[in-house]
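An overview of the molecular structure
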Amino acid sequence: MTIDPVLLNDWHPVAAASSLAGGTMQPVQLLEHELIVWRDADGAVHAWDDRCPHRGARLSLGRVENNRVVCGYHGWQFDAGGQCRLQPAHPRDVPPKAACAHRYQAREAYGMVWVCLGEPARDLLPFPEYHDERLRNVLCGPYPVNACGPRIIENFLDMAHFAFIHTGVLGDLEHTEVPDYKVSPYDDGQGQRGMQGVIATGCFAYQPVSNILAKDGTMVEYTYRVVRPLTAILTKLPANMEGFAEAISLHVQPVTEEQCNAWIIVAMTNTVSTEEETRAFQDQIFKQDLAILESQRPKRVPLEPGIEVPQRADRLSAAYRRMLKELGLRYGVL
């Protein structure tokens, strides 16, 4: 099938790295492709087509044994390079070179396994807050969503819904106004292997008493940056104001054009909440967003004017849509 080259040649999250203990494999889906990801004895992660070249059975029905993927149908054994090394029905034969699993490029970063189905047009996205020793990282999700990737990113970038969808948590019905903010191009700093994204600064939103950043309701300043078509990062100053920013990053795994998994990484100074409590909070927030995301029509984000009526608070979303249009994205958009 033909897949949008913008996404085909980009990196996408498919699994939590911690879910791949030695000797295990995991079936995943990405851009309408069924894959397996697994970790070899040296700790490297691999992504293959979930199909044995013999009779097309799913490799995920098999197992990992002695650093080889073993097909559950006829027991063919594949080494870490994807080459079949044993056909049990003919144990003394040397398997032909064509008896090889179809491999994709895979990397481990930010606590996740990333896969590129094509040839990477750019480096893996930059997320410097993840490496800040003053911050604690918690991976949340994945959250299955019956919506296209750009819809999920746009919802993340939207401050005007806080008071209505996240009342008492991220917003308040007595404070609905979104002050004007600045939107600019964003250079991710990776040169020719990077990407020109979008950044919004001076974004202020009212946070109610329940927010851990303050004892009383207050205006909190956010910065949003879109560093890849399906990745956005929010930063905010922590309560102690020590000159660095906490971050929440959203990474969308496009399963199909209108089905995705959303992954969230929280990089924070909060040392009081447990990882389970942090995940439970993000679960609550995303659950509030889910019904809205899955209700939006058209399902795909329109890049041309005339289908939706924007408001001034949508200027970041408008810049994001221009970015997608300039990239030539076709998957999940109109």
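So, here is what we can say about the structure in this document. What you are looking at is a predicted structure, and each value in this text was computed from that prediction instead of being measured. (Residues numbered from 1 in each chain as written. Predicted model: local features only at pLDDT ≥ 70, side-chain atom pairs only at ≥ 80, totals over all residues. Heavy atoms only, no water.)

**Thoughts on the nonpolar core**
Residues Val37, Val115, Ile152, Leu157, Met159, Tyr222 and Tyr224 are the most contacted members of the largest nonpolar core, which totals 68 residues. Met112, Leu135, Ile199 and Ala247 belong to the second-largest nonpolar core, a separate cluster that totals 21 residues. (Core = buried A, V, L, I, M, F, W, Y, C linked by side-chain atoms within 4.5 Å. Buried < 20%, exposed > 50% of the residue type's maximum accessible area, 1.4 Å probe, protein only.)

**Considering empty space enclosed by the protein**
Per the stated rule, a full pass over the model turns up four cavities of 30 Å³ or more. Quantified by volume, the largest cavity comes out at close to 90 Å³. Around the largest cavity, the lining comprises 14 residues; the ones closest to its centre are Met159, Phe162, His175, Ala205 and Tyr206. Secondary-structure elements contributing two or more residues to the lining of the largest cavity are helix 3 (162–165) and strand 13 (196–207). When residues in the lining of the largest cavity are grouped by element, the largest group, three residues, is from strand 13. In terms of residue class, the lining of the largest cavity is made up of nine nonpolar, three polar and two charged. The volume enclosed by the second largest cavity comes to roughly 70 Å³. Lining the second largest cavity are Asp10, Trp11, His12, Pro13, Trp114, Leu124, Leu125, Arg228, Leu230, Thr231 and Val252. Of the residues that constitute the lining of the second largest cavity, the class distribution is seven nonpolar, two polar and two charged. (1 Å grid on protein atoms, 1.4 Å probe; cavity = no way out; pocket = protein on both sides within 12 Å on 5 of 7 lines; lining within 4 Å. Points joined across faces, edges and corners; volume = space filled by probe spheres on them. Helix = DSSP H or I, 4+ residues; strand = E, 2+ residues; numbered from the N terminus. Nonpolar A, V, L, I, M, F, W, Y, C, P; charged D, E, K, R; others polar.)

**Focus on the sheet that holds strand 17 (residues 259–268)**
Sheet architecture is open: seven strands sit in the order 11-17-16-15-14-13-12, paired in antiparallel fashion. Across the chains shown, the open sheet's two edge strands, defined by having one partner strand only, are strand 11 (136–145) and strand 12 (182–187). Taken pair by pair, the neighbouring strands of this sheet meet at an average axis angle of 20°, ignoring direction. By the bridge criterion, six bridges tie strand 14 (residues 218–228) to strand 15 (residues 231–236) in an arrangement that is antiparallel. Within the sheet, the bridge partner assigned to Arg225 lies in strand 15 and is Ile233. Of the strands in this sheet, strand 11, strand 14, strand 15, strand 16 (246–256) and strand 17 touch helix 2 (residues 149–157), which is tilted by about 160° from strand 16. The sheet strands contacting helix 4 (residues 275–295) are strand 11, strand 16 and strand 17, and the helix crosses strand 11 at an angle near 30°. (Pairing = 2+ DSSP bridges. Axes fitted to C-alpha atoms, helices over the stretch in contact; angles between N-to-C directions. Contact = heavy atoms within 4.5 Å.)

**Some details on the sheet that holds strand 8 (residues 84–86)**
On the basis of which strands lie adjacent, the open sheet formed by four strands has the order 5-6-7-8 and antiparallel pairing. Because the sheet does not close on itself, it has two edges, and the strands there are strand 5 (63–65) and strand 8. In terms of strand pairing, strand 5 meets strand 6 (residues 68–70) through three bridges, oriented antiparallel. Note that in strand 6 the partner of Glu65 across the bridge is Arg68.

**With respect to the pattern of salt bridges**
Scanning the model with the defined rule gives 17 salt bridges in all. Residue Asp123 pairs with Arg193 through a salt bridge whose shortest N-O separation is 3.4 Å. Here the residue Asp123 occupies a position in the loop between strand 10 (112–116) and strand 11, and Arg193 occupies one in the loop between strand 12 and strand 13, the gap between them amounting to 70 residues. Since its relative accessible area comes to 29%, Asp123 is described here as partly exposed. Using a relative accessible area of 37% as the deciding quantity, one classes Arg193 as partly exposed. For Glu304, the salt bridge identified is with Lys325, shortest N-O distance 2.8 Å. Here Glu304, found in the loop between helix 4 and helix 5 (315–327), pairs with Lys325, found in helix 5; they are 21 residues apart in sequence, far enough to count as distant. (Salt bridge = Lys/Arg side-chain N within 4 Å of Asp/Glu carboxyl O.)

**Some points on the environment of Phe162**
Here Phe162 is to be found in helix 3. With 43 residues separating them in the primary sequence, Phe162 and Ala205 have C-alpha atoms 8.3 Å apart.

**Observations concerning the layout of surface pockets**
Empty space among the atoms can be located by rolling a probe the size of a water molecule over them. The computed volume of the largest pocket comes to approximately 770 Å³. The wall of the largest pocket is formed by 28 residues, among which Glu154, Glu308, Asp314, Ser317 and Arg321 lie closest to the centre. Secondary-structure elements contributing two or more residues to the lining of the largest pocket are helix 2 and helix 5. Element by element, the count of residues in the lining of the largest pocket is highest for helix 5, at five residues.

**So, the pairing of strand 4 (residues 45–49)**
Within strand 4, four of the five residues are buried, which leaves it mostly tucked inside the rest of the structure. Of the pairings in the sheet, the one linking strand 3 (residues 33–39) to strand 4 comprises five bridges and is antiparallel in character. Directly across from Leu35, in strand 4, lies its bridge partner Asp49. In textbook terms, the turn of a hairpin is the stretch between consecutive antiparallel strands, and for strand 3 and strand 4 this stretch comprises five residues, one of which, Gly43, has a positive phi near 95°. Here strand 4 runs beside strand 9 (residues 103–109); their pairing, made up of two bridges, is antiparallel. Bridge pairing in strand 9 places Ala47 opposite Tyr104.

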